[in-house]
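Per-entry structural report
Here's the letter readout for the chains.
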Amino acid sequence: METEEKNECRIWVENCRRADLEAKTSDQLNKHYRLCAKHFDPAMVCKTSPYRTVLKDTAIPTIFDLTSHLKNPHTRHRKRIKELTEEDIRKIKERRLASSIDQIASKKDAAEDSTTTNEDEPQLSTEEKAFREYLRSLFEAVVMLGKQSIPLMPLKASETELKPNNFQALLDYRMNAGDEALKKRFEATAVNSEYLSVTQQSQLLDICENTVREEMLMEVRESRFFSLVTGDLVEFANEKHLPLFLRFVNQQNVLREEFLDFVPFDGDEPALVERLEAQLTDRWGLSMEDCRGQAHKATGISTTKMKAVAILLMEKYPLALHMPCSHMALNIHLANSLPFPNVQVVMETLRRIGAFFQAQSTQDELEKAISTHYQKNEEKGAALKQACIPGWTEQHNVFDVLLDMLPPLLLCMDNIRDNEEGKFAASVVADGYSIAETLADFEIVVTIVILKNVLTFTRAFGRNLQGETLDVFFAANSLTAVLHSLNEVNDNIDVYHEFWYEEAVSVATMIEIPVKVPRLFLRKQRAADVGEIQAEPYFKEYVTMPVIHGIMQEVEDMFSETNLKALKCLSLVPAVMGQMKFNTTEENYADVYRNDLPNPDTLPAELHCWRIKWKHRGKEVRLPTTIHETLQLPDVKFFPNVNSFLKVLSTLPVLKLEDSKSDTASGRLQAYLDSMPPHQWNKSLAMLNVNTHVKHDLDVMVDKYCRLYPEDDTEVDAESEEVAEEEAGMK
């Protein structure tokens with residue numbers, strides 16, 4: 001084999017006419033020199049996947065322009081092209097003749113081998129071919145249900161009217177449209193019976209889901225490094241599940257974040273960690289040692305549990321850095337992380353407000369209430385209308401907007417409750433009344449005021465984290481100032497609380513809410529026979545101080561020294577480097593990812609060359625501003641450590657996705673969940689719907705089904721299930 005490789009290398013060098021390469025060994029040529037695909041006849045190229053081009057074993061480069069360099073004085077001496085003598089030409093012809101004879105012999109042997117292989121392969125019978133065509137039709141129907149957000153079970157028009165299963169109805173439609181494979185299969189089926197049992201439908205859904213997932217996992221495995229992102233809980237059949245996303249850089253150097261599965265949320269924190277590990281390693285073939293980040297978009301009571309999960313994962317895998325999720329404003333994340341009941345009530349009410357005003361009718365009513373309340377200050381009213389656009393409850397300044405909107409918001413809810421024109425449904429009126437009752441409580445007003453004032457110090461920092469690469473870099477370097485401001489508030493808590501409490505009383509007076517200590521607390525105090533409790537000291541001890549301490553702790557946890565080191569390495573991006581006048585020191589922070597680099601010992605020298613390259617660029621050359629832009633540069637591959645470094649950094653969940661303004665996996669999942677009532681949600685169809693962009697091969701699905709569920713077994717299972725149903729009906 002080695003002799004054959006040497007002969008091939010010699011022929012390639014001769015065809016290139018590169019005299020300077022003749023003395024090189026085949027190992028040196030393979031390691032340090034490459035030929036473009038354009039030098040090969042198209043018949044010599046076989047593309048085995050979308051990610052790489054592979055040559056045939058017998059490929060020889062034959063397409064060269066050996067004269068154009070003579071016309072261009074700038075390129076004339078770049079490559080030393082050898083002028084061939086008659087003796088050289090004679091030797092080349094002899095070697096090519098010998099090579100051609102060998103190629104013909106090898107092709108003949110390969111043809112004989114393939115003939116033998118084809119003879120050994122089992123031929124499908126007519127029944128087996130028909131069964132495979134039938135399965136293909138079934139899988140096409142399942143994929144169509146997923147893509148179009150069509151639930152398996154339709155809504156009932158009434159208690160007495162039963163509609164057919166949507167899947168069965170779609171099969172009916174296909175047969176009526178002329179699907180012969182389905183017709184032949186079901187022509188003998190009784191009129192009132194279902195075409196497929198529940199078990200068979202479940203099998204089809206599982207195969208579809210796993211096939212699509214495997215396509216994405218192949219890319220993750222090729223990329224190696226990834227980050228783990230979880231979403232808010234979703235409930236299927238009264239069981240809570242955790243949506244699981246993976247973030248990675250694919251072979252085209254594009255950052256992706258894909259939805260992979262739902263993980264059961266039951267059990268304690270160690271059990272959930274074990275389940276996540278088993279899912280990623282045992283089932284998906286990934287290594288948790290390659291996980292470089294984690295973010296958990298938790299709300300409500302799940303927040304505390306997911307915090308504990310993150311800590312346990314970091315204890316086992318220190319480089320799985322726990323960071324905020326780029327999909328959620330930092331101030332929302334910080335408020336969600338506080339385990340206090342009053343804060344959680346405020347956050348849940350915000351989510352309900354966001355859902356309540358998605359309808360145009362309720363949004364119009366809110367704008368009308370804003371105009372009424374601010375009729376003497378039209379400028380303020382116009383600004384507030386502009387601020388309460390869809391999604392305002394998820395913005396960095398949500399607590400500022402909520403406080404300004406509190407009076408018109410309550411007015412709006414009162415108008416909806418009155419429902420004088422009868423345009424609101426009873427459910428809408430009930431929701432509006434419930435939200436108003438929650439907001440018209442002094443404890444909630446105080447909590448909103450405290451959150452607004454404390455989170456003012458992290459607002460700009462959070463905005464920068466969700467900004468461009470340069471903004472994130474400066475945010476990492478400004479954390480000290482943020483913590484200093486929070487510490488200053490904590491040191492002077494008496495003064496700050498006095499001002500904030502006065503603001504809360506002023507707001508409460510404006511909307512006619514009585515200033516009082518919460519009823520539940522008073523009841524407990526009476527039981528303990530404690531004297532009268534004053535409102536101001538109560539709210540200082542039970543609201544202001546816990547909130548400021550909780551926010552400070554969460555900021556320190558989310559932005560530990562290791563996390564900041566990672567973010568400061570963003571100075572590798574040329575635009576950031578330029579902003580710093582090319583006076584950057586990535587080497588000081590690179591130890592975090594030293595083991596992820598191909599040649600860590602050469603990193604200092606490589607970084608020096610990387611800075612020089614961009615510092616002395618041409619005036620017309622623009623500095624790339626993002627990691628994505630930098631990774632798309634053709635010459636980044638000549639800086640292997642920088643290339644690997646940027647790919648690892650790109651997976652950090654705190655960094656925004658390039659297409660975050662348009663389409664994200666988490667957004668598509670939410671759209672699926674919003675498109676139908678909860679009892680119609682299906683895990684497999686959700687997977688197909690969210691990942692419609694992932695290619696799916698129906699033949700692969702058919703092969704998997706035939707391997708896992710042979711036709712005879714399937715028919716036996718279906719019959720036994722029908723018998724069981726009949727027996728249950730008789731009882």
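Residues numbered from 1 in each chain as written. Predicted model: local features only at pLDDT ≥ 70, side-chain atom pairs only at ≥ 80, totals over all residues. Heavy atoms only, no water.

1. Quick look at the overall build of the chain
For clarity, the threshold we go by: Strands here are runs of E lasting at least two residues and helices are runs of H or I lasting at least four, both read from the DSSP assignment and numbered beginning at the N terminus. Note on exposure labels: buried denotes an accessible area under 20% of the residue type's maximum, exposed denotes more than 50%, and partly exposed covers the range between, all computed with a 1.4 Å probe on protein chains only. Whether two residues are in contact is decided by their heavy atoms: any pair within 4.5 Å suffices. Only the protein chains shown count as cover for residues, and all accessible areas are computed by the Shrake-Rupley method using a 1.4 Å probe.
When you go through the chain residue by residue, the secondary structure sums to 31 helices and 8 strands. Burial status across the chain gives 43% buried among its 731 residues. Considering only residue pairs separated by 6 or more positions, the chain has 71% of its internal contacts joining residues 24 or more positions apart. Per element, the accessible surface of the chain, about 39400 Å² overall, is 51% carbon and sulfur.

2. Looking at the packing of helix α15 (residues 398-418) against helix α16 (residues 426-439)
Think of two packed helices as two axes; the pair is described by the angle between the axes and how far apart they sit. The condition that has to hold: For every element, the axis is a line fit to its C-alpha atoms; helices are fit only across the contacting stretch, and the angle between N-to-C directions ranges from 0 to 180 degrees. Here is the rule for handedness: rotate from the far helix to the near one, and if that takes an anticlockwise turn smaller than a right angle the crossing is left-handed, while a clockwise turn gives right-handed. Lys, Arg, Asp and Glu make up the charged group, whereas Ala, Val, Leu, Ile, Met, Phe, Trp, Tyr, Cys and Pro make up the nonpolar group; the residues left over, Gly among them, are polar.
Between α15 and α16, whose axes approach to 9 Å, the crossing angle comes to 145°. As for the relative orientation of α15 and α16, their crossing is left-handed in sense. Here Leu406, Leu409, Leu410, Met413, Ile416 and Arg417 of α15 come into contact with α16, specifically with Val428, Val429, Gly432, Tyr433, Ile435, Ala436 and Leu439. A breakdown of the residues in the contact of α15 with α16 according to their chemical character gives 11 nonpolar, 1 polar and 1 charged.

3. Some details on empty space enclosed by the protein
Applied cut-off: In this analysis a 1.4 Å probe is tested at points of a 1 Å grid over the protein atoms alone, and where it fits but cannot get out there is a cavity; an open set with protein on both sides within 12 Å along at least five of seven lines is a pocket; lining residues have an atom within 4 Å of a point. Grid points are joined across faces, edges and corners, and a volume is the space filled by probe spheres set on the points.
All chains considered together, the criterion is met by 3 cavities of 30 Å³ or more. Taken as a whole, the largest cavity holds about 100 Å³ of empty space. Residue lining of the largest cavity: His296, Ala298, Thr303, Met306, Lys307, His322, Met328, His333, Asn336, Ser337 and Glu554, and that is the complete set. Those elements giving two or more residues to the lining of the largest cavity turn out to be α10 (302-316) and α11 (330-336). With 3 residues, α10 is the largest single contributor of residues to the lining of the largest cavity. Split by residue class, the lining of the largest cavity holds 3 nonpolar, 6 polar and 2 charged.

4. Points about the environment of Asp494
Relative to the helices and strands, Asp494 resides in helix α20 (residues 493-510). Overall, Asp494 belongs to the partly exposed group, its relative accessible area being 48%. Between the alpha carbons of Asp494 and Lys540 there is a distance of 8.2 Å; along the sequence they are 46 residues apart.

5. Remarks on the packing of aromatic side chains
The description of an aromatic ring pair rests on the distance of the ring centres and on the angle between the ring planes. Heads up, the condition is: Note on aromatic pairs: the rings of Phe, Tyr and Trp (six-membered ring only in Trp) are paired at centre separations within 6.5 Å, and the planes decide the class, stacked below 30 degrees, edge-to-face beyond 60, tilted for the rest.
Considering all chains together, one arrives at 19 aromatic pairs under this definition. Relative to Trp681, the ring of Phe236 has its centre 6.4 Å away and its plane inclined at 70°; by these criteria the two rings are edge-to-face. Taken together, the residues span a long stretch of sequence, with Phe236 in strand β4 (residues 234-236) and Trp681 in the loop between α28 (665-674) and α29 (683-690) at a distance of 445 residues. With respect to class, Phe236 is no different from Trp681; both count as buried. Measuring from ring centre to ring centre gives 5.1 Å for Tyr705 and Tyr709, while their planes differ by 55°; the resulting arrangement is tilted. Owing to a relative accessible area of 3%, Tyr705 belongs among the buried residues under this scheme. Assessed through its relative accessible area of 22%, Tyr709 is described here as partly exposed.

6. Describing unusual backbone geometry
Although it is not a glycine, Arg224 adopts a positive phi angle of roughly 75°. Phi angles above zero are rare outside glycine, and Lys581 is one such case at about 60°. Counting through the fold element by element, Lys581 comes out in the loop between α24 (574-579) and α25 (603-615). Assessed through its relative accessible area of 67%, Lys581 is described here as exposed.

7. A word on the packing of helix α8 (residues 198-223) against α29
Under the convention used in this document: Angles are sorted into four bins: roughly parallel if under 35 degrees, roughly antiparallel if over 145, roughly perpendicular if 65 to 115, and oblique for all others.
The interhelical angle for the contact between α8 and α29, taken along N-to-C directions, is 40°, at an axis separation of 9 Å. It follows that α8 is oblique to α29 by the angle criterion. Of the two elements, α8 crosses α29, and the hand of that crossing is left-handed. Packed against α8, whose contacting residues are Leu205, Asp206, Cys208, Glu209, Val212, Arg213 and Met216, the element α29 presents Ser684, Leu685, Met687 and Leu688 at the interface. Considered class by class, the residues forming the contact of α8 with α29 number 7 nonpolar, 1 polar and 3 charged.

8. Observations regarding α25
Worth spelling out the cut-off: One less than the residue count of a helix, multiplied by 1.5 Å, gives the span that helix is expected to have. What the arc measures is the spread of directions leading from the helix axis to the C-beta atoms.
An ideal rise of 1.5 Å per residue puts 18 Å on 13 residues; α25 measures up with 18 Å between its terminal C-alpha atoms. Burial in α25 covers these residues: Leu603, Glu606, Leu607, Trp610, Arg611 and Trp614. For α25, the arc enclosing every buried residue in end-on projection is 140°, short of the 170-degree limit, so these residues lie on one face. Buried-residue contacts for α25 involve α24, α26 (627-631) and α27 (640-650).

9. Focus on the pairing of strand β7 (residues 291-296)
As a reminder of what qualifies: Pairing between two strands is assigned when DSSP locates at least 2 bridges connecting them. Here, the term right-handed applies to a crossover whose path from the first strand over the helix to the second runs clockwise when the strands point away from the viewer.
The buried count for β7 comes to 6 of 6 residues, which makes it a mostly enclosed element. Sheet topology note: the β7/strand β8 (residues 321-322) ladder contains 2 bridges and is parallel. Across the sheet, residue Gly293 finds its bridge partner in β8, namely Leu321. On the question of chirality, the crossover connecting β7 to the parallel β8 by way of α10 is right-handed.

10. Points about the state of the cysteines
What we call a disulfide is simply a covalent bond connecting the sulfur atoms of a pair of cysteines. Note the threshold: Pairs of cysteine sulfur atoms within 2.5 Å are identified as disulfides in what follows.
For the coordinates displayed, the defined rule picks out 0 disulfides. No disulfide involves Cys388; its nearest neighbouring cysteine sulfur is the one of Cys412, lying 9.8 Å away.

11. Here we look at the pairing of strand β3 (residues 226-230)
The buried count for β3 comes to 5 of 5 residues, which makes it a mostly enclosed element. Both faces of β3 are covered, namely the face carrying Phe226, Leu228 and Thr230 and the face carrying Ser227 and Val229. As judged from the 4 bridges shared by β3 and strand β5 (residues 239-249), these two strands associate in the antiparallel manner. By the bridge assignment for β5, Leu228 is matched with Leu246.

12. With respect to the side chain of Glu606
So the rule is basically this: Here the positive residues are Lys and Arg and the negative ones are Asp and Glu; neither His nor the chain ends is included. Salt bridges are defined as contacts in which a side-chain nitrogen from Lys or Arg sits within 4 Å of a carboxyl oxygen from Asp or Glu.
Looking at the secondary structure, you find Glu606 in helix α25. Buried charge Glu606 goes without a salt bridge, the closest partner of opposite sign being Arg611 at 11 Å. Setting aside chain neighbours within four positions, we find Glu606 in contact with Phe639, Pro640, Asn641 and Val642.

13. Quick word on the confidence of the model for the chain
Which entries qualify depends on this criterion: Per-residue confidence from the predictor is given as pLDDT, running between 0 and 100.
On average, residues of the chain score 81 in pLDDT, and 79% of them reach the 70 mark or higher. Every residue in residues 73-80 scores below 50 in pLDDT, and together they form 8 contacts with partners more than four places removed in sequence or on other chains. Predicted confidence for residues 721-731 stays below pLDDT 50, and this span has 3 contacts to residues more than four positions away or in other chains.

14. Looking at the side chain of Glu257
Basically, it comes down to this: Here a polar contact is recorded for every N or O atom pair within 3.5 Å, except that within protein the pair must consist of a potential hydrogen donor and a potential acceptor, and residues adjacent in sequence are included only if both atoms are side-chain atoms.
In this fold, Glu257 is placed in strand β6 (residues 255-264). Within the local environment of Glu257, its side chain forms a polar contact with the side chain of Arg247, the two groups lying 2.9 Å apart. For Glu257, the side chain forms a polar contact with the side chain of His327, separated by 2.5 Å. Excluding its chain neighbours within four sequence positions, the residues that come into contact with Glu257 are Val229, Phe245, Leu246, Arg247, His327, Leu657 and Ala665.

15. Regarding the pattern of salt bridges
Where charged atoms from two side chains of opposite charge come close, those side chains can pair. For the structure on display, the rule yields 26 salt bridges. Notably, a salt bridge pairs Glu503 with Lys452, separated by 2.7 Å at the nearest N-O pair. With Glu503 in helix α20 and Lys452 in helix α17 (residues 442-454), this pair connects stretches of sequence that are 51 residues apart. Since its relative accessible area comes to 23%, Glu503 is described here as partly exposed. According to the relative accessible area criterion, Lys452 is buried, its value standing at 14%.

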